[in-house]
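# Architecture at a glance
In case you want the letters, here they are:
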Amino acid sequence: MDSGEAVTLPHMVKDSWGRPLRSLRISVTDRCNLRCQYCMPEENYVWLPRENLLTFEEIALLTNMFSDQGIDRVRITGGEPLLRNNVAELIRMLRQNPCIQDIAMTTNGVLLSEQAQALFDAGLHRVTVSLDTLKPERFKSLTRRDTLDQVFEGIASVGRVGFSGLKLDTVTMKGYNEDELIPLLEYGKQVKGEVRFIEYMDVGGANDWSADKVLSRKEILKVVSEYYGTVEHVEEVSSAPAQRFRLPDGTTFGIISSTTMPFCSTCDRSRLTADGMWYLCLYAKSGLDLRKPLRMGRSREDIRSIIQSVWETRKDRGAEERKELEQVSGRGRYIDIDRLRKDPHLEMHARGG
Ligand code: SAM
Ligand code: SF4
Ligand code: SF4
């Protein structure tokens with residue numbers, strides 16, 4: 001692979017609906033130290049073969065090719081990204097690319113306190129920690145691990161080492177944590193983190209999903225405004241998935257309404273798995289293997305033009321299609337469990353959230 005080729009100025013490639021390619025979510029591992037019911041309901045999984053995992057050098061090279069096509073935002077995710085040995089080194093490498101303006105990470109927070117300083121020193125811009133409950137017993141029953149204290153320590157370490165812009169992502173589920181919206185918002189104020197409520201989605205291994213467990217954007221707003229008073233919509237032009245709102249005291253929070261009000265029409269995100277498969281949508285059932293051309297030594301220009309031609313044909317609007325099904329045949333299980341067991345790429349924990 002020739003990495004010494006001249007970098008040409010990025011140009012913005014658009015898909016068949018005019019959506020640019022701006023943001024890349026890079027999953028660095030499919031492994032996880034939690035077993036959240038909505039993501040990894042089983043204990044054992046078929047893992048991606050180790051020899052197929054991209055090295056940090058390979059991830060950085062591919063990111064350079066994506067940035068040639070307009071990517072300027074990267075999110076490191078997983079599985080649990082902090083399980084990947086020395087992931088701070090990857091951040092350091094990605095920071096060498098001047099086109100990448102923003103490098104964020106989504107983590108479950110369990111290993112964060114021990115790595116936060118190294119991540120900050122490496123140049124990570126922002127951290128999002130997933131936090132669905134403040135109650136230890138509930139955390140244990142949701143994740144099948146007893147590590148909520150470590151998550152709290154991880155969250156506390158974010159500001160301590162110097163990060164700003166902390167976000168706390170909460171998957172809201174009826175019958176599970178709908179009674180914690182207000183305590184979570186109050187906790188967010190304490191730790192200076194913006195809470196984002198995410199509607200429960202029927203992606204990948206979320207085989208226990210059903211419409212009646214989804215706490216919708218509308219219901220979330222009702223609970224929050226009943227407690228705090230008028231909740232104001234923050235008007236902003238953005239392709240970010242969260243719509244933001246402001247409480248009377250100025251605190252902001254977000255709602256990611258992927259299930260009841262999908263936002264596919266502005267989606268500029270795609271996903272790279274730890275073994276180099278490129279997915280154009282969270283719901284995509286097939287992806288493009290970029291590891292193969294990379295390891296065959298195809299040039300930067302070749303791979304860049306593969307990326308361009310594939311993005312130009314993109315028509316994906318997975319969440320909207322799932323929603324439309326509600327009017328037609330009903331929203332049954334998205335992917336059959338046997339198929340999920342055979343192909344780890346179909347899982348949320350393989351392609352990142
Ligand atoms: N392990 C890390 C974590 O949990 O933050 C990163 C990977 S995880 C797949 C990324 C995000 O996806 C998490 O915030 C998680 O809550 C979210 N997620 C996973 N399954 C989901 C589902 N069925 N519906 C909505 N969000 C989900
Ligand atoms: Fe939970 Fe993230 Fe692990 Fe999925 S990948 S089980 S959401 S911690
Ligand atoms: Fe983008 Fe697919 Fe999510 Fe729609 S469902 S917002 S197209 S990733």
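Residues numbered from 1 in each chain as written. Chains lettered and ligands numbered in written order. Predicted model: local features only at pLDDT ≥ 70, side-chain atom pairs only at ≥ 80, totals over all residues. Heavy atoms only, no water.

### Looking at the site of ligand 2
- Every residue lining ligand 2 is accounted for by Cys32, Leu34, Cys36, Tyr38, Cys39, Met40, Gly79 and Asn108.
- Of the residues in the shell around ligand 2, the class split is six nonpolar, two polar and no charged. (Near = heavy atom within 4 Å. Nonpolar A, V, L, I, M, F, W, Y, C, P; charged D, E, K, R; others polar.)

### A short note on helix H6 (residues 181–191)
- For H6, the full list of buried residues reads Leu181, Ile182, Leu184, Leu185, Tyr187 and Gly188.
- One or two positions beyond H6, positive phi appears at Lys192, with a value near 55°. (Buried < 20%, exposed > 50% of the residue type's maximum accessible area, 1.4 Å probe, protein only. Helix = DSSP H or I, 4+ residues; strand = E, 2+ residues; numbered from the N terminus.)

### Remarks on the nonpolar core
- Ile76, Leu119, Phe253 and Trp278 are the most contacted members of the largest nonpolar core, which totals 102 residues.
- Considering each element in turn, this core owes the most residues, seven residues, to helix H1 (residues 56–68).
- With residues near it in sequence (within four places) discarded, Phe253 still touches Leu185, Glu194, Val195, Phe197, Leu221, Val224, Val231, Gln243, Arg244, Phe245 and Leu247. (Core = buried A, V, L, I, M, F, W, Y, C linked by side-chain atoms within 4.5 Å. Contact = heavy atoms within 4.5 Å.)

### Quick word on the sheet that holds strand E4 (residues 126–130)
- With mixed pairing, 12 strands are arranged side by side in an open sheet as E7-E8-E9-E6-E5-E4-E3-E2-E1-E10-E11-E12. Of all strands in the sheet, those with a lone pairing partner are strand E7 (232–233) and strand E12 (288–289), marking the two edges.
- When E4 meets strand E5 (residues 167–172), the two strands line up parallel, connected through three bridges. Following the sheet pairing, Val129 is matched in E5 by Leu168. (Pairing = 2+ DSSP bridges.)

### Side note on the packing of H1 against helix H9 (residues 300–312)
- Closest axis-to-axis distance for the H1/H9 pair is 9 Å, and the angle between their directions is 60°. With respect to their mutual orientation, H1 and H9 come out oblique. The two elements H1 and H9 meet at a crossing, and its hand is right-handed. Across the interface between the two elements, Leu62, Asn64, Met65, Phe66 and Asp68 of H1 pack against Arg300, Ile303, Arg304 and Ile307 of H9.
- Residues of the contact of H1 with H9, tallied by class, amount to five nonpolar, one polar and three charged. (Axes fitted to C-alpha atoms, helices over the stretch in contact; angles between N-to-C directions. Parallel < 35°, antiparallel > 145°, perpendicular 65-115°, else oblique. Left-handed = near helix turned anticlockwise from the far one by under 90°.)

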